[in-house]
Each structure stands twice: as C-alpha cells, then as structure tokens.
Amino acid sequence: RQKAIVVRGAGVGRRSVCHAMSAAEALAPAKQAIKQQAFYMKKALDQRHLRTALHHAATMIGELRTSALGPKAYYEVYIDVTTELRHLEEFFEAEHERGRPMVELYELVQHAGNVLPRLYLLLAVGRVFLQSKEAAAKVVLEDLVEHCKGVQQPLRGLFLRNYLLQCTRERLPDTGSDYEGEGGTVSDAIKIVLANFGEMAKLWVRMQHQGPAANKEQREKERAELKVVVGGNLHRLASLEGVTLQVYTAEVVQPLLELIVSCKDGLAQEYLLECVCQVFPVAYHTATLPTLLRFLSWLSAAADESAILSLLISRLCALEPADGETEARDVFTPVADHVERRCASLRLLPSLALALALARLALEAYEAHTEYLERALSLASTRLESLGVVTEKRAVAVVQDLLSLPLKRKGGDVLYVLELTEWPRLVSRLPPPEERRGG
C-alpha cells in the first residue's frame, strides 16, 4: 500500500508591498538581488550546507512576490529565478544518488517562511521526488497541484503553476512512460493537467477584477500577454501519448469544454477554444463535433463565436476520407446547421465570413457535393436579402471573395458557376462595378 506523504499545509503569504516605482525601476534591483542570492545559494550548495542554500534560494524566490511588475517584466524575473533553481534541482538529484530519501527533502523545504518561496522549493524537490519513484507519481502530482492553491494572487499564481507544468512535463504517468503502472495511468495524467488548467484559467480571469476600473484597459492588455501561459496546459494535454481518439472522446472533451465555458469570460473562452481547435487532430473534432458545437452555444456574449467557428471550419477543411472510404465523413451538414441557427444573432461581416468558410469546406472536402456549396452561397444571399444591394466596402470584399472562390477552384470554369442556382443570386447583391471601384 502506498505510503502517505506527510506535508505541511500551504499558508497564506504576506501581501507584498507595492513600491511606488515604474516597472523598469523595479526590474533592475530585482534581477540584481536574484544574481546575488543565487551566488550565495550555489556557494552553500558547493559546501553541502543545504539549510543555508535553501535560505538564500527562498530569498531569491521572494523577488517573485513583487506587485510592481507587469507580465513581461515579471516573466524576466521568473526566468532568472527558475534558471537558478536548476542548480538546486541538480543538488537534489545528487542527494538522491547518494541515497538520501526524497521524502525527507520534500518535507524539509516546506519550512520556508513565506508561501510563494515554499511552493517553488516544493516544486523543485517534487521534480526529483517524481524521478526517484519513491512514491506513486499520481500521489505526488496531486499533492503538488493541491499545494499550489496556496497562491491566489493571479500573476504569481499563474507563473507558479507554469513552473509546476515545467517541472512535471516529462514525469506524468502517460501511456508508455516510465511513470505508468504503479505511478498511475493516462487517466490520472489527464486529471492532473486538467486540474492545473482549471486553476490557471480561474486566476487568469480574476486578473480583470484586480485594481481600479480606470485601469481595466491596461489589465486586459496584460491578460492577453499571459494567454500563452494558460494555453500551455492544452498543448501538454494534446501531446500525451495516451490521449487517443477513444480516450479524448471519453475522458477529455467534456470536462475540458466544461472548464472553458465555466470561465464565463469572453477573452478566455475565445482564446482557449481556439487553442482546442488548433492543438488536437482534425479527426478528434470530427468525432466530437456535436459536443463541441453544443458548448459553443453556451459561450459568453463577449466571446466572438464566429471567429472560433471560422477556425474550426478551416481545420475541418483538412479532413480526409477514412481508410477504405471514397469521401470524408459529413461534417458540413451539422456545422452548416449550427451556423444558420447562429447567423440571426451575428453582425453582417461575421455572417458573411462564416459563409465564405463553409464554401471553402464544401470545395476542399466535398467537391462532388455541389449542394454543399449551394448552401454556403445561399446562407450569404439570405443574410443580404433584407439589405438589397451591398454598399459596405468590407462586406462587398467578402462577397467578391465568396463568388470568386468556386471560379478559382475550377480554374476559371464559368460554366460551372453558372450552373449554380445561388451564384447569380449572390452576384445580384453586389453594386455596379463602377460603384465598387469608387467605394
């Protein structure tokens, strides 16, 4: 039976004092302090004075408790700190090779006074603890994920959990990995990555509520800068060897989409769903299309659903027939059904852009089915019906792209497009050529 890991609870650290200085003024002394403390830490490690080294390491990590830096400057400090922590990780590895139990070090580092340094140290030793296999990987990983809840300040919490992802990246109980078996299964790995992703998404969304309303625009800009940090979890999830189509369908797509929709934040939902569309194979989206479309219907009003749909459709254009079949599985119909339902609530340009995306899907994946192309053209014509002739320049440009698409695909075959019922109908929505040039 697995021996339980004795850990010290992560308390709530003191709130860092926000100095009245610019980020540039705060960055230089922070980097200098890190360099100085790292020197003393490495000197103590060379002499095998671990407690002294941990003291200097904790002081060095304390520079990450600042509130005076924006995301870009904070990232610089984070990189400096985590680079220096590699020396400490190497010392832990050497101690393990000398026969020192990792659980002893795992408990020792938890005596750091402040919560943030304590957790960075815990993750650094946790990386080697996982490698030692003294305890089941899933037990250690679950413990680390839970401890990271001790930091709830958004910027600090996001980078702490990014370090967690970095330390555990190659140590998850994935299918075929050294940590599978007694260490857990790919299902455990999925749960751990999803748990970390869910907490990071909450922290990221919470950033918009930090500080006065007058700074909201700046906070949104900073949030956009941090989106890649949150999206890293999705890339790791997609790279798991054990996340096959069957596993993705049964264990990943539903809880993943639930976490994204529960953000109730337009920026977060839009970016994270775009990540989902990009990082997983097209076949996965094909197999789970009804689920994905259903969740798209539940997005916040602030999320640009049309942008997500356009990206999804462009990914589906790469769909190929399964082995032994002559044409790809029909994903056009359910997507077109969804687009038609949503178009009534969309502005003109997003509606036309979706019609253009559907036309590309029809021509690239279902060239033999002219009815699919007709349906895409009809969607645009119907949307323009109440407007008469289109006069808005950007809308005219999209309609022209839509009309020229089948011509380009068929090498300028005018007879082909003239046989399309909806093509001349859509042409009639354009203003005269002289007016288009004048616009």
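Residues numbered from 1 in each chain as written. Predicted model: local features only at pLDDT ≥ 70, side-chain atom pairs only at ≥ 80, totals over all residues. Heavy atoms only, no water.

**Q** Please give an account of the overall build of the chain that cites residues and values.
**A** Counting its secondary structure elements, the chain contains 22 helices and 0 strands. Dimensions along the principal axes, computed over C-alpha positions, put the chain at roughly 85 × 55 × 35 Å. When the 439 residues of the chain are sorted by exposure, 52% land in the buried category. The contacts of the chain with a sequence gap of at least 6 include a subset with a gap of at least 24, amounting to 75%. (Helix = DSSP H or I, 4+ residues; strand = E, 2+ residues; numbered from the N terminus. Buried < 20%, exposed > 50% of the residue type's maximum accessible area, 1.4 Å probe, protein only. Contact = heavy atoms within 4.5 Å.)

**Q** Lay out the packing of aromatic side chains in plain terms, naming residues and giving numbers.
**A** A complete count under the given rule lists 15 aromatic pairs for this structure. Look at Phe91 and Phe92: their rings are 6.5 Å apart centre to centre, the planes differ by 65°, and that puts the pair in the edge-to-face class. Judged by its relative accessible area of 9%, Phe91 is buried. Judged by centre distance (6.5 Å) and plane angle (20°), the ring pair of Phe280 and Tyr284 falls under stacked. Within the aromatic cluster, the residues linked to one another by ring pairs are Tyr74, Tyr75, Tyr78 and Phe159. One cation-aromatic arrangement involves Arg223 over Trp204; the distance from NZ or CZ to the ring centre is 5.3 Å. Stacked on the ring of Tyr416, the Lys or Arg Lys410 has its end atom at 4.8 Å from the ring centre. (Phe/Tyr/Trp six-rings, centres within 6.5 Å; stacked < 30°, edge-to-face > 60°. Lys NZ or Arg CZ within 6 Å of the ring centre and 35° of its normal.)

**Q** Provide a residue-level description of unusual backbone geometry, including the pertinent values.
**A** The backbone of Arg48 shows a phi angle near 60°, a positive value even though the residue is not glycine. Arg48 gets classed as partly exposed once you look at its relative accessible area, which sits at 48%. Even without being glycine, Lys133 reaches a positive phi, approximately 60°.

**Q** For the environment of Glu170, give the residues involved together with the corresponding values.
**A** Turning to its location among the elements, Glu170 is positioned in the loop between helix H7 (154-168) and helix H8 (186-206). In sequence terms Glu170 and Gln131 are 39 residues apart; their C-alpha atoms lie 9.5 Å from each other.

**Q** Got a sec to walk through the environment of Gln246? Specific residues and values, please.
**A** With respect to the helices, strands and loops of the structure, Gln246 is situated in helix H11 (residues 245-261). Residue classification places Gln246 among the exposed positions, given a relative accessible area of 66%. Gln246 sits 74 residues away from Leu172 along the chain, and the two C-alpha atoms are 20 Å apart.

**Q** Outline the nonpolar core, listing residues and values.
**A** One finds Phe92, Tyr120, Leu256, Leu272 and Phe280 to be the most contacted residues of the largest nonpolar core, which totals 159 residues. Residues contacting Leu272, with those up to four places away along its chain left out, are Phe197, Trp204, Val230, Leu234, Ile260 and Cys263. (Core = buried A, V, L, I, M, F, W, Y, C linked by side-chain atoms within 4.5 Å.)

**Q** Outline the pattern of salt bridges, supporting the account with residue identities and numerical values.
**A** Considering all chains together, one arrives at 23 salt bridges under this definition. A salt bridge links Arg425 to Glu385; the shortest N-O distance between them is 3.6 Å. Residue Arg425 is located in helix H21 (residues 422-427), and its partner Glu385 is located in the loop between helix H18 (370-384) and helix H19 (393-409); the two are separated by 40 residues in the primary sequence. Looking at Arg425, the relative accessible area reads 26%, which means it is partly exposed. Taken together, the salt bridges that share partners define one network made up of Arg48, Glu95, Arg98, Arg100 and Glu104. (Salt bridge = Lys/Arg side-chain N within 4 Å of Asp/Glu carboxyl O.)

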